[in-house]
Amino acid sequence: MKRIVCETYDEMSQIGAYVFSEQIWRKPDSVLGFATGGTPAGMYRCLVKMYNDGLVDFSKVTTFNLDEYYPMSKSSSHSYDYFMWDNLFSKINVRRESVYLPNGGAADPEKACDDYERLLESRGGLDIQLLGIGNNGHIAFNEPADELRVRTYVAELTADTIEANSRFFESAADVPRRALTMGMGSIMSARRILMLIAGEKKAPAVKAMFSGRITPKFPASLLQLHPDAVVILDKDAASML
Ligand code: PGA
């Protein structure tokens, strides 16, 4: 797992945008894995700017997102679908029919997970997956546990995550208790992984991730096994390394 330490959040975001752009330059029909949350918003702004400057073309890409709350309607401003359109997809030339997120409005969530996994496979898997990290070491909604799941599944959110995500809702009580999320195998099967981490609050998680030990109690530790994972951090996030 390589790491790049940047001076600032903006620098981290810009390098992240270059990594994704370079993937598209090399393979215009790349399958891109995106993530939601506070951290990637800056990288999405950089990608929009690069698109507006004529530097990158999204017309042939396919995109998959890591996760979506359940139950959640696409049109809700709390949905990850809404977040992605608002921050990125509506501002670039990606084709609507090439954008996929797990279906938070599905009547049968287990089937929606199986369908999502099949769709991902039918598109040849992920060329690159963007990730963030939770303070508790989660990636996507793979929360610390005695066992981790391999493929897309219906996850229960932990109290930590509900608390951390409550900043996007009126209150913690409004945060959905479940989500559809790629499993650890879906994520680890990506040919490349790019993780962005910013801020002092994440420093203990960063230290644990680079500890040289692997445990399901800290899901991000598994990334140490990935052959092509790059972590870009700002200097606050790297302060305990
Ligand atoms: P954040 O979320 O980017 O909003 O900190 C990261 C995560 O929980 O995976």
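For the structure itself, consult the block above.
Residues numbered from 1 in each chain as written. Predicted model: local features only at pLDDT ≥ 70, side-chain atom pairs only at ≥ 80, totals over all residues. Heavy atoms only, no water.

> Talk me through the overall build of the protein chain; I want residue IDs and the actual numbers.
On a plain count of helices and strands, the protein chain comes out with seven helices and 10 strands. Computed over the C-alpha atoms, the radius of gyration of the protein chain is 17 Å, within 12% of the 18 Å expected from 2.2 N^0.38 for a compact globule of 241 residues. Considered along the principal axes of its C-alpha atoms, the protein chain spans approximately 45 × 45 × 35 Å. Sorting the 241 residues of the protein chain into buried and exposed places 55% on the buried side. Within the protein chain, contacts between residues at least 6 apart in sequence are counted, and of these 79% link residues at least 24 apart. When the accessible surface of the protein chain is summed, it comes to about 10,900 Å², and 51% of that surface belongs to carbon and sulfur atoms. Treating the 27 positive side-chain charges of the protein chain as one cloud and the 31 negative ones as another, the clouds have centres 4 Å apart. (Helix = DSSP H or I, 4+ residues; strand = E, 2+ residues; numbered from the N terminus. Rg over C-alpha atoms; globule rule 2.2 N^0.38 Å. Buried < 20%, exposed > 50% of the residue type's maximum accessible area, 1.4 Å probe, protein only. Contact = heavy atoms within 4.5 Å. Areas by Shrake-Rupley, 256 points an atom, 1.4 Å probe, with all protein chains shown as cover. Lys, Arg positive; Asp, Glu negative; His and termini not counted. Charge placed at Lys NZ, Arg CZ, Asp CG, Glu CD.)

> Pulling in residues and values, what's your account of the sheet that holds strand β3 (residues 62–65)?
The sheet built from seven strands is open, its strands ordered β1-β10-β9-β6-β2-β3-β5 with parallel pairing. Every interior strand has two partners, whereas the edge strands, β1 (2–6) and β5 (99–100), have only one. (Pairing = 2+ DSSP bridges.)

> Break down the nonpolar core for me, with residues and values.
Ranked by internal contacts, the top residues of the largest apolar core, which has 76 residues, are F34, M43, L194, M195 and M209. Tallying contributions element by element places helix α2 (residues 41–52) first for this core, with six residues. The residues touching M195, leaving out its near neighbours within four places in the chain, are L131, G132, I133, I139, M209, A220, L223, V230, V231 and I232. Listed in part, the six residues of the second largest apolar core include A106, A112, C113 and V154. (Core = buried A, V, L, I, M, F, W, Y, C linked by side-chain atoms within 4.5 Å.)

> Which residues make up helix α1 (residues 9–26), and what are the values?
Between its terminal C-alpha atoms α1 stretches 26 Å, which fits the 26 Å expected from 18 residues at 1.5 Å a residue. Of the residues making up α1, those classed as buried are M12, S13, G16, A17, V19, F20, S21, Q23 and I24. Here the buried face of α1 lies against β1, β2 (31–34), α2, β6 (128–131), β9 (192–197) and β10 (229–234). (Expected span 1.5 Å × (residues − 1).)

These figures come from the coordinates and say nothing about function on their own.
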